[in-house]
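Each chain, written out:
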Amino acid sequence: MTKDIYLLGSTGSIGETTLKILKKDKNNFKVKLLTTYSNVNKLYKQAIQFKVKNVVIFNKEKYLKNYKKFKLKKINVFSSIDEVFKTNNKKSYITINAISGIDGLEPTLNIIKYSHNLAIANKESIICGWNFLKKELFKNNTRFIPIDSEHFSIWSLIKKEKIQTINKIYLTASGGPFLNTKISKTKNINPKYALMHPNWKMGKKISIDSATMMNKIFEVIEAIKIFELNPKQIEILIHPKSYLHAIINFNNGLTKLLAHDTNMSVPIANAIYANYKTYNHSKNKFKYEMLNGLNFIKPDIKKYPLLELLNYKFNNTYLEIILVSLNDALVKKYLDYKISYLSLQTTMLKLLKKPYFTKYYSTKPRNINDIKIMVDRVNIYVNKHLS
Ligand code: NDP
Ligand code: MG
């Protein structure tokens, strides 16, 4: 019998990679739900190609303008996850959250009760809403698998280990496109160069976050939450080849490393097959030469000033929501040529210290509505003061 898959964010980079994997195994998997924010044409093509009968267009305007086109092909179109399940409450074998940004949190919370397994790439929702996600996962007996490659690697390496046996986890970072560029030359970098990641092909926002090291800071917070680590147990190391994804040193003196190609299809496919059967990677070719000269470098805070953010304590308060939303808003401004590469980073550090925001750092949001109100507050502030 085929296993049903719900795929949130199907029109993005992770979404498309997931569909490529599923296309090769139509005997075992059937895609039953696809979603987009506004890329209606791509969603339409995907729905036809994979014969999917339920789709969500989250952007209300696009939904209203386009739903008839889907109806003509007998495809049900919705504008939220809640609507999808008003008449259908069948659980997916696995749901994959490939939405970008904090907006991925609400659909994920809403779909957990309809999912036996949940695989999340959307780091922002883990950083901002892990407490809520964890509670919902437990309540519905839904198994969780991280897809972010570093977290998938850690998850695979410590399945049978206790967290207390870990001395240190090293998260590897490529260093981004400006690893070897003089600091003085990076002040006014054009976004088109910042988008050129040396090893990975990804969506725009995460590519900019990789250049500034924000992505790795997010991943440290993500790992602390998912694996319940003490912040002292985790460190960032630059590894330009990006072939190793996690290094775990245990108290007993043993160290485990996990390596794979810089292709997200490896963690995504292994996550999809994790609780089901063994996955055979069709392009499997072990590149032993990639393990020669691994070349690890400690990141320099002068080059990556955002590393200062690791001094904050991330205890599931509004701090995480403010951090993620400020970064979302500033990256958008940078991509729109409204602020420089340097000011993307300095403004981030400066704004986070404003009493307007710091007064919330000891308070915890009670629910998703509290989170949404704070995201709006941050966006209003940024648009008012940085327009
Ligand atoms: P993309 O920008 O390529 O795709 C994002 C997807 O989310 C698209 O389907 C997009 O729809 C949808 N989306 C965007 N905004 C909203 C919204 N407000 N509401 C609902 N849906 C929305 O991102 P990536 O695929 O690169 O990344 C997805 C997530 O995975 C991110 O959180 C990222 O950090 C994480 N990740 C990505 C990796 C990668 O290699 N790309 C690696 C590890 C983690 P539309 O097409 O209409 O914009
Ligand atoms: Mg990653």
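The structure this text deals with has already been given above.
About the thresholds
- Residues numbered from 1 in each chain as written.
- Chains lettered and ligands numbered in written order.
- Predicted model: local features only at pLDDT ≥ 70, side-chain atom pairs only at ≥ 80, totals over all residues.
- Heavy atoms only, no water.
- Helix = DSSP H or I, 4+ residues; strand = E, 2+ residues; numbered from the N terminus.
- Rg over C-alpha atoms; globule rule 2.2 N^0.38 Å.
- Buried < 20%, exposed > 50% of the residue type's maximum accessible area, 1.4 Å probe, protein only.
- Contact = heavy atoms within 4.5 Å.
- Areas by Shrake-Rupley, 256 points an atom, 1.4 Å probe, with all protein chains shown as cover.
- Lys, Arg positive; Asp, Glu negative; His and termini not counted.
- Charge placed at Lys NZ, Arg CZ, Asp CG, Glu CD.
- Donors = N, O, S within 2.8 Å, 3.2 Å for Na, K, Ca; no water.
- Pairing = 2+ DSSP bridges.
- Near = heavy atom within 4 Å.
- Polar contact = N/O pair within 3.5 Å; in protein donor to acceptor, adjacent residues only side chain to side chain.
- Nonpolar A, V, L, I, M, F, W, Y, C, P; charged D, E, K, R; others polar.
- Axes fitted to C-alpha atoms, helices over the stretch in contact; angles between N-to-C directions.
- Salt bridge = Lys/Arg side-chain N within 4 Å of Asp/Glu carboxyl O.
- Patch = residues over 30% accessible without salt bridge, like charges linked within 9 Å, V, L, I, M, F, W, Y side chains within 5 Å.

Draft legend 1. Just the overall build of the protein chain, in detail. Counting its regular elements, the protein chain contains 15 helices and eleven strands. Computed over its C-alpha atoms, the radius of gyration of the protein chain comes to 21 Å, within 12% of the 21 Å expected for a compact globule of 387 residues. When the backbone C-alpha atoms are referred to their principal axes, the protein chain occupies close to 55 × 50 × 40 Å. Considering the protein chain as a whole, with its 387 residues, one finds that 54% of them fall into the buried category. In the protein chain, the share of contacts with a sequence separation of at least 24, taken over all contacts with a separation of at least 6, comes to 70%. Carbon together with sulfur atoms contributes 52% to the accessible area of the protein chain, which is approximately 18900 Å² in total. Between the centroid of the 64 positive side chains of the protein chain and the centroid of its 27 negative side chains there is a distance of 4 Å.

Draft legend 2. Here's a closer look at the coordination of the magnesium ion (ligand 2). Coordination of the magnesium ion (ligand 2) by the protein is provided by D148 (OD), E150 (OE) and E219 (OE), with metal-donor distances spanning 2.1 to 2.3 Å. The sequence pattern describing where the donors of the magnesium ion (ligand 2) fall on their chain is D-x1-E-x68-E. Note that D148 is positioned in the loop between β7 (143-146) and α7 (149-157) and E219 in helix α10 (residues 214-227), a separation of 71 residues in sequence.

Draft legend 3. View of the pairing of strand β9 (residues 234-238). Counting buried positions over the five residues of β9 gives four, a clear majority of the element. With five bridges connecting them, strand β8 (residues 166-173) and β9 associate as parallel partners. Note that in β9 the partner of I169 across the bridge is I234.

Draft legend 4. Structural view of the site of ligand 1. Taken together, 24 residues lie near ligand 1, and T11, I14, S38, D103 and E124 sit nearest. Within the side chain of N122, one N or O atom sits 3.3 Å away from an oxygen atom of ligand 1. In the model, an oxygen atom of ligand 1 is placed 2.9 Å from a nitrogen or oxygen of the G203 main chain. In isolation ligand 1 offers 890 Å² of accessible surface; the protein chains occlude 86% of this area. Those elements that place two or more of their residues in the shell around ligand 1 are α1 (13-23) and α6 (123-139). The residue makeup of the shell around ligand 1, split by class, is nine nonpolar, eleven polar and four charged.

Draft legend 5. Just the sheet that holds strand β10 (residues 244-250), in detail. Overall, mixed pairing links the four strands, which are arranged β9-β8-β10-β11 in an open sheet. The open sheet has two edge strands with one neighbour each: β9 and β11 (255-259). Neighbouring strand axes in the sheet, compared pairwise and without regard to direction, differ in orientation by 20° on average. In terms of strand pairing, β10 meets β11 through five bridges, oriented antiparallel. Opposite N249, over in β11, you have T255 as the bridge partner. Contacts from α7 reach β8, β10 and β11, with the element oriented near 40° to β10. The strands touched by α10 are β8 and β9; relative to β9, the strand with the most contacts, the crossing angle is about 150°.

Draft legend 6. Layout of the pattern of salt bridges. Under the counting rule described, the total for this entry stands at 20 salt bridges. Through salt bridges with shared partners, one network takes in K123, D148, E150, K216 and E219.

Draft legend 7. Layout of the sheet that holds strand β3 (residues 54-57). On the basis of which strands lie adjacent, the open sheet formed by seven strands has the order β4-β3-β2-β1-β5-β6-β7 and parallel pairing. Because the sheet does not close on itself, it has two edges, and the strands there are β4 (76-78) and β7. Ignoring which end each strand starts from, the neighbouring axes of this sheet average 20° apart. Contacting β5 (92-97), β6 (115-120) and β7, α6 crosses the sheet at an angle of about 165° to β6.

Draft legend 8. Structural view of unusual backbone geometry. The backbone of N295 shows a phi angle near 60°, a positive value even though the residue is not glycine. With respect to the helices and strands, N295 occurs in the loop between α11 (265-273) and α12 (318-335). For N316, which is not glycine, the phi dihedral falls at a positive 65°. Examined against the element boundaries, N316 turns out to sit in the loop between α11 and α12. For N316, a relative accessible area of 24% corresponds to the partly exposed category.

Draft legend 9. Structural view of a positive patch on the surface. Side chains of K20, K23, K24, K26, K51, K201 and K283 sit close together on the surface and give a patch of like positive charge. For K26, the position within the fold is in the loop between α1 and β2 (29-36). On the basis of relative accessible area, K26 is assigned to the partly exposed category, the value being 46%.

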